[in-house]
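As a plain string of letters, each chain reads:
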Amino acid sequence: MFGEIRRYRCGGEVHMDIMFDGLEVRLPGRSDPITMGVTSGYDFFGEHAVYVEGFAQDGYCSNTMRSLTDKEVIKHVGDVRNFRSWWEELLAQVELVADDLFEFIRDAQDIDLDFSDLPFTVTEFYSLLGFPDYLAERAASDAEANAASPVEINMWTLHSGATYALTHFFQGKEGASLDGYVRTANDILFNPEGTIERVERAYEEELETDGDDGSQASLAGERALASIERISDDLQEKVNQFEEREDALRERFQDAMS
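Residues numbered from 1 in each chain as written. Predicted model: local features only at pLDDT ≥ 70, side-chain atom pairs only at ≥ 80, totals over all residues. Heavy atoms only, no water.

### Some points on the layout of surface pockets
- Space inside the second largest pocket adds up to approximately 320 Å³.
- Looking at the second largest pocket, it is lined by 20 residues, and the ones nearest its centre are Thr64, Arg66, Leu166, Thr167 and Leu178.
- Listing elements by their share of the lining of the second largest pocket, those giving two or more residues are β1 (2–8), β5 (63–65), α4 (155–169) and α5 (176–190).
- Counting residues per element, the lining of the second largest pocket draws most heavily on α4, which supplies 5 residues.
- When the residues that make up the lining of the second largest pocket are grouped by side-chain class, the tally is 8 nonpolar, 8 polar and 4 charged. (1 Å grid on protein atoms, 1.4 Å probe; cavity = no way out; pocket = protein on both sides within 12 Å on 5 of 7 lines; lining within 4 Å. Points joined across faces, edges and corners; volume = space filled by probe spheres on them. Helix = DSSP H or I, 4+ residues; strand = E, 2+ residues; numbered from the N terminus. Nonpolar A, V, L, I, M, F, W, Y, C, P; charged D, E, K, R; others polar.)

### A look at the nonpolar core
- Residues Met36, Phe125, Tyr126, Phe131 and Leu158 are the most contacted members of the largest nonpolar core, which totals 61 residues.
- Per element, the largest residue contribution to this core is 9 residues, and it comes from helix α1 (residues 83–109).
- The contact partners of Phe125, leaving out residues within four places of it in the chain, are Leu113, Phe115, Phe120, Leu158, Ile188, Thr195 and Val199. (Core = buried A, V, L, I, M, F, W, Y, C linked by side-chain atoms within 4.5 Å. Buried < 20%, exposed > 50% of the residue type's maximum accessible area, 1.4 Å probe, protein only. Contact = heavy atoms within 4.5 Å.)

### Description of the confidence of the model for the protein
- Mean pLDDT over the protein stands at 85; residues scoring 70 or higher make up 84%.
- Mean pLDDT in the protein bottoms out at helix α7 (residues 215–257), which sits at 65, and peaks at helix α3 (residues 133–146), which reaches 97. (pLDDT = per-residue confidence, 0-100.)

### A few points about empty space enclosed by the protein
- Enumeration over the complete set of coordinates arrives at 2 cavities of 30 Å³ or more.
- Taken as a whole, the largest cavity encloses approximately 140 Å³ of empty space.
- Forming the boundary of the largest cavity are 13 residues, of which Tyr51, Glu53, Glu174, Gly175 and Asp179 lie nearest the centre.
- Examining the composition of the lining of the largest cavity, we find that 3 residues originate from one element, α5, more than from any other.
- Looking at the lining of the largest cavity, its residues break down into 3 nonpolar, 5 polar and 5 charged.
- Looking at the second largest cavity, its volume works out to about 30 Å³.
- Considering the residues around the second largest cavity, the lining is formed by Val38, Val52, Glu53, Gly54, Thr69, Leu90, Gln93 and Val94.
- Those elements that place two or more of their residues in the lining of the second largest cavity are β4 (50–58) and α1.
- Classifying every residue of the lining of the second largest cavity by side-chain character gives 4 nonpolar, 3 polar and 1 charged.

### Thoughts on the pattern of salt bridges
- Tallied over the full model, the rule gives 14 salt bridges.
- Across the salt bridge formed by Arg9 and Glu13, the nearest N and O atoms sit 2.8 Å from each other.
- The salt bridge partner of Glu47 is Arg9, with a shortest N-O separation of 3.2 Å. Here Arg9 lies in the loop between β1 and β2 (13–25) and Glu47 lies in the loop between β3 (34–43) and β4, a separation of 38 residues in the sequence.
- Take Glu47: its relative accessible area is 47%, and that puts it in the partly exposed class.
- Salt bridges sharing common partners tie together Glu4, Arg6, Asp17, Arg66 and Glu174. (Salt bridge = Lys/Arg side-chain N within 4 Å of Asp/Glu carboxyl O.)

Shown next as structure tokens:
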């Protein structure tokens, strides 16, 4: 096992990423694996009890993939019962995620967004998902650089762009803000249909906020929304695969915890 520990406030707050050598996902054409592990931590200020959640690091680009399982929390003062078995159950979950992550990535690689047919740029795609401008720009730059075409980018590459920005350029503090962006990034991979729907809603709200009265502008807006909806319709045949795999994974989680 290996990883890193981050200490804040004179050691009163600690977060750590722990990875397990050999517990990994290998993608075709890549020599460096995605290594599985956990993120854990705590503090003495009442903000973080001991927590743990699934984690992975992509050795190809050193991007971190967080919140791969539900976050589990246990108190770390007083009578701490079954602490060993709690950890054993959580580590079993991480092994299950490793088995399924490859399939999620492979499916996401088959879902392309053609930005030449969309009413927004790659940077605006991330902005519509709620990323601040500095993260949206970094994520788009990475996604475009790693895509086979800068205008046709698959959901795995878009997810990787988001994790690149969060791993290397996030300027906030570890906690609720980062967790929210991580969930959004993970949805690009694990819930592509929901991601497209979120982008469509955000774009539609922008159109309403702009309040363009001209018929030409209204027509352009309708065409733009239609292009997003076409992509959403194309995704529908993939949605069942994702949902079935997610349901099966959650069932195995429950079996591992029982």
